[in-house]
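Understanding the architecture of this molecule
So the chains spell out like this:
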Amino acid sequence: MKLRVCHLYPEHLNIYADRGNMAVLTHRCEWRGISCRIDGCGPGDPLPHADLYYLGGGQDRDQRLIAPDLLLRAGDLAAAVAGGAAVLGVCGGYQLLGHVYRGHQGDEMPGIGLVDLETTAGPTRMIGNVVLRCELEPGRRRTLVGFENHAGRTSLGAGLSPLGQVVHGHGNNGDDGGEGVRDGRVVGTYVHGPLLPKNPWLADWLIQTALEHRKGHVELEPLDDTLEREAQRVAEALAAR
Amino acid sequence: MLFTAKLAAARATATAARLSRAGGGTTLPGKLLLRMEPDAIGRLARRLASTTVISATNGKTTTAKMAAAVLEADGRRLCRNAGGANLTSGVASALLAAGRGEEGLFEVDEAALPAVVDALAPGHLVLGNLFRDQLDRYGELELIGDRWRSMVSAPGFGATVIHNVDDPLVASIGSAAPAAITFGLEDDGAARTSMQHAADSKWCPRCGTRLVYEAVYLGHLGRWRCPACALERPRPEVRAAAVRADGLEATEFRLELPRGDVDVRLPIPGLYNVYNALAAAAACVAHGVPPAVIGGGLEQFSAAFGRFERITLSGRPAVLLLVKNPAGTNEVIRTLAADDRPKTLLLALNDRIADGRDVSWIWDVDFEELVEQVDSVVATGTRAAEMALRLKYAGVSPARIAVEPQLGHALDALGGEDDAPAYLLATYTAMLDLRRLLEERGLVRPYWEAA
């Protein structure tokens with residue numbers, strides 16, 4: 001079995017240690033005998049066929065640099081998702097999944113509109129530890145921990161569910177108690193730290209969802225997550241302080 | 001209240017802080033003084049014979065200590081914020097203790113720099129490097145760069161800017177200054193074959209095109225040029241060539257100065273310390289210090305607190321290494337990896353405000369480069385488990401990793417052979433805690449005396 005991951009703009013969108021997310025996907029596949037191939041895709045490169053597309057966060061300037069290139073790929077990415085691929089967007093990458101990002105000066109940066117959401121820059125940055133309660137499948141409640149640092153206030157379109165409910169932190173906009181988005185196989189979130197090491201359940205959910213794209217039902221072998229659980233427990237306790 | 005009375009009140013706070021062992025009195029007196037007299041820094045600085053300010057993401061404290069070693073060897077008396085308190089309050093506290101005729105030498109936090117430069121009006125300003133650092137505290141690198149650029153191009157700005165042309169962003173900021181002295185490395189032997197993951201500023205500061213590097217020395221520092229707009233690194237006036245590491249003991253290089261070359265044996269490892277030495281040497285060139293005195297001063301230098309500081313821990317050699325951000329930590333790791341003996345490590349990760357609340361940065365550090373050499377690791381600090389997790393994903397077997405959040409327990413849990421050195425890497429507040437513990441055990445001096 002093989003997981004194909006496409007890391008979009010790894011040279012530009014990597015500000016919050018996005019590499020950690022790639023390391024977690026790679027190792028958690030390899031520890032189970034699943035091979036994992038990560039292809040970078042920079043501006044102008046052909047879009048690789050993948051089971052999972054990853055879009056991280058960058059400095060404002062870098063995000064502006066890649067945004068026009070990303071727009072050209074909106075159709076291909078939508079087609080990939082319709083064909084069963086999964087997508088994970090973090091921070092700036094999350095915002096770019098939506099329709100638009102409105103900056104402080106009223107400037108607008110269009111996103112790819114893959115998910116029905118939009119973002120407007122607020123007067124302050126929302127910074128700090130985050131704890132979420134998630135329920136991606138009915139009855140399977142999970143805790144998600146990490147760190148957020150964003151000026152954008154994101155609102156989801158009617159009928160869309162957030163990735164989780166905020167227990168500690170600000171979330172999408174500091175108002176409605178939701179954080180991130182989960183729309184079928186597409187997940188977006190402001191949570192970094194990076195996201196996946198301390199939330200191995202989400203890493204495994206993404207691996208499984210992405211693999212099922214071509215393989216039908218997949219069962220992932222459980223791994224020894226003692227350190228992962230301890231890091232999550234500590235992060236949750238520190239966020240509550 | 002008269003200015004002199006305010007000074008006396010603030011000085012009394014410093015004495016009280018030391019007597020109560022609350023700390024070295026390195027920030028509180030200045031804070032108090034600035035509350036009573038907002039213009040105190042400017043008024044006190046005018047009494048100094050000269051003022052030099054040093055800023056950078058990495059290497060401020062070491063550069064200041066190296067420059068101090070040289071300037072003192074040249075017979076000057078210095079006023080310094082040697083305890084590492086590098087915000088306005090730390091500078092004000094140092095100025096409180098200044099005597100007539102002394103020369104000011106201050107390291108200043110990169111975010112606080114524009115305000116401090118405005119108050120101090122230094123004659124010399126050393127800009128070392130800009131790396132990605134605590135994003136939750138400083139914001140993005142580009143923002144700091146923009147503030148520095150506005151500072152040096154402001155009307156009234158009168159300092160000679162001594163700057164590192166190997167850093168594209170710093171080079172472009174320095175070129176906007178009215179007067180400048182440049183420094184950089186000139187040694188292909190020290191170059192890396194590829195850029196590290198954590199490299200920042202790899203885009204042209206003028207036109208945004210990806211830069212081309214003839215040589216990458218450290219992070220994004222190297223011999224760069226822009227293929228589109230032809231902006232390129234100028235040849236520096238102060239250079240280090242023929243760099244050779246003598247294990248983890250010392251680094252030898254030829255220091256090329258406008259008034260002649262001098263061979264230097266720097267008693268500390270790491271290419272990043274060659275950059276610190278270059279910054280210090282260039283600052284001393286600006287002060288008219290002769291080459292032989294600069295070389296001699298650098299050889300006399302001893303490591304600043306927690307910067308490759310050697311101690312003996314229950315009879316075994318140990319080295320204290322402060323780590324703060326990916327670029328600095330990568331250089332520490334690269335330096336340690338050059339000595340391929342098995343290593344015992346203690347990694348202390350805190351997430352207090354001074355460390356950065358966001359610990360993401362450890363995932364941008366190339367711990368992978370040390371994996372083959374790791375004999376055993378103790379992870380400690382408020383985020384001990386997170387540190388352990390990082391090492392697990394770097395490829396260290398969890399069986400070799402102990403998680404001991406309490407520093408004291410972590411020290412006791414250090415494994416390995418008694419004659420093999422232990423390397424203690426700690427973030428800022430973890431290093432302060434570690435030093436306090438080691439002081440209690442009689443192994444190091446308090447930080448405000450050691451600096």
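Residues numbered from 1 in each chain as written. Chains lettered and ligands numbered in written order. Predicted model: local features only at pLDDT ≥ 70, side-chain atom pairs only at ≥ 80, totals over all residues.

When helices and strands are counted, chain B shows 16 helices and 17 strands. Relative to the globule expectation of 22 Å for 451 residues, the C-alpha radius of gyration of chain B, 21 Å, shows essentially globular dimensions. Taking all 451 residues of chain B together, the buried fraction comes to 56%. (Helix = DSSP H or I, 4+ residues; strand = E, 2+ residues; numbered from the N terminus. Rg over C-alpha atoms; globule rule 2.2 N^0.38 Å. Buried ≥ 20, exposed ≤ 12 C-beta atoms within 10 Å, placed from the backbone.)

Time to look at helix α12 (residues 326-337) of chain B. All names here are of chain B. Along its 12 residues, α12 runs 16 Å from first to last C-alpha, staying within 8% of the 16 Å computed at 1.5 Å per residue. Pro326, Ala327, Gly328, Thr329, Asn330, Glu331, Val332, Ile333, Thr335 and Leu336 are the residues of α12 that are buried. Taken together, the buried residues of α12 touch β7 (212-218), α10 (271-286), β13 (316-322), β14 (343-348) and β17 (422-426). (Expected span 1.5 Å × (residues − 1). Contact = placed C-beta atoms within 7 Å.)

Within the fold, Glu230 of chain A resides in helix α6 (residues 226-240). Note: C-alpha distance between Glu230 of chain A and Thr154 of chain A (76 residues apart in sequence) is 31 Å. If near-sequence neighbours (up to four positions away) are discounted, Glu230 of chain A is found in contact with Ala385 and Val403 of chain B.

All names here are of chain B. As summarised here, the arrangement of the 9 strands in space is β2-β3-β1-β4-β5-β6-β9-β10-β11, forming an open sheet in which the pairing is mixed. Here the strands that pair on one side only, and so sit at the sheet edges, are β2 (78-80) and β11 (260-266). Neighbour-to-neighbour, the strand axes of the sheet open up by a mean angle of 20°, direction not taken into account. Sheet topology note: the β2/strand β3 (residues 103-107) ladder contains 3 bridges and is parallel. Residue pairing in the sheet places Cys79 in a bridge with Gly104 of β3. Of the strands in this sheet, β1 (50-55), β4 (124-127), β5 (160-164), β6 (179-185), β9 (238-246), β10 (250-257) and β11 touch α10, which is tilted by about 145° from β9. (Pairing = 2+ DSSP bridges. Axes fitted to C-alpha atoms, helices over the stretch in contact; angles between N-to-C directions.)

Attention now goes to the sheet that holds β13 of chain B. Residue and element names in this part refer to chain B. Spatially, β12-β13-β17-β14-β15-β16 is the arrangement adopted by the 6 strands of the open sheet, whose pairing is mixed. Taken across any chain shown, the strands that pair with only one partner, and hence form the sheet edges, are β12 (307-313) and β16 (401-403). Direction aside, neighbouring strands of the sheet carry axes that sit 20° apart on average. Pairing analysis gives 6 bridges linking β14 to strand β15 (residues 374-380), with the strands arranged parallel. The partner of Leu346 across the bridge, within β15, is Val378. Relative to β16, helix α13 (residues 384-394) is tilted by about 165°, and along the sheet it contacts β14, β15 and β16.

With that settled, the discussion passes to unusual backbone geometry. Residue Pro194 of chain A is bonded to the preceding Gly193 of chain A through a cis peptide linkage, with omega at -15°. Structurally, the position occupied by Pro194 of chain A is in the loop between β12 (186-189) and α5 (200-215). Its identity as a non-glycine residue notwithstanding, Ala230 of chain B has a phi of 70°, on the positive side. Assignment of secondary structure puts Ala230 of chain B in the loop between β8 (221-225) and β9. Of note, the phi angle at Phe308 of chain B is positive, near 60°, even though the residue is not glycine. With respect to the helices and strands, the residue Phe308 of chain B is situated in strand β12. Looking at Phe308 of chain B, the number of C-beta atoms within 10 Å reads 21, which means it is buried.

One finds Leu52 and Tyr53 of chain A together with Val70, Ala281, Ala282 and Leu424 of chain B to be the most contacted residues of the largest nonpolar core, which totals 213 residues. Examining the composition of this core, we find that 14 residues originate from one element, α10 of chain B, more than from any other. Two domains each provide a minimum of three residues to this core, namely domain 1 (39-300) and domain 2 (307-450) of chain B. In contact with Leu52 of chain A, other than residues within four places in its own chain, are Leu3, Val5, Ala85, Ala86, Leu88, Leu206 and Ala210 of chain A. (Core = buried A, V, L, I, M, F, W, Y, C linked by C-beta atoms within 7 Å. Domains from an automatic or database assignment.)

This part takes up the environment of Ile66 of chain A. Residues and elements named next belong to chain A. You can see Ile66 is positioned in helix α2 (residues 60-72). Along the sequence, Ile66 and Gly42 sit 24 residues apart, while their C-alpha atoms lie 8.4 Å from each other. Those residues in contact with Ile66, other than ones at most four positions away along the chain, are Tyr9, His12, Leu13 and Pro43.

Residues and elements named next belong to chain A. With respect to the helices and strands, Arg102 occurs in strand β5 (residues 100-102). Judged by C-beta crowding, with 15 C-beta atoms within 10 Å, Arg102 ranks as partly exposed. The spatial distance from the C-alpha of Arg102 to the C-alpha of Asp18 is 24 Å, given a sequence separation of 84 residues. When sequence neighbours within four positions are dropped, the list of residues in contact with Arg102 reads Glu108, Thr120 and Ala121.

What follows covers the packing of helix α2 (residues 28-36) of chain B against helix α5 (residues 88-96) of chain B. Residues and elements named next belong to chain B. Where α2 meets α5, the axes come as close as 7 Å, and the angle between the chain directions of the two elements is 95°. Considering their axes alone, α2 and α5 lie roughly perpendicular with respect to each other. Of the residues in α5, those in contact with Pro29, Gly30, Lys31, Leu33 and Leu34 of α2 are Thr88, Ser89, Gly90, Val91, Ala92, Ser93 and Leu96. Class assignment for the residues of the contact of α2 with α5 results in 6 nonpolar, 5 polar and 1 charged. (Parallel < 35°, antiparallel > 145°, perpendicular 65-115°, else oblique. Nonpolar A, V, L, I, M, F, W, Y, C, P; charged D, E, K, R; others polar.)

What follows covers the interface of chain A and chain B. The interface of chain A with chain B comprises 26 residues on the first partner and 24 residues on the second. Of all the secondary-structure elements, those providing two or more residues to the side of chain A that touches chain B are α1 (18-30), α2, β7 (117-137), β8 (140-156) and α6 of chain A. Broken down by element, the side of chain A that touches chain B gets its largest block of residues, 6 residues, from α6 of chain A. In the side of chain A that touches chain B, the residues fall into 14 nonpolar, 7 polar and 5 charged.

What follows deals with the confidence of the model for chain B. Summing up the model confidence of chain B, the mean pLDDT is 89 and the portion of residues at 70 or higher is 93%. With pTM at 0.84, the complex prediction returns an ipTM value of 0.96. (pLDDT = per-residue confidence, 0-100.)

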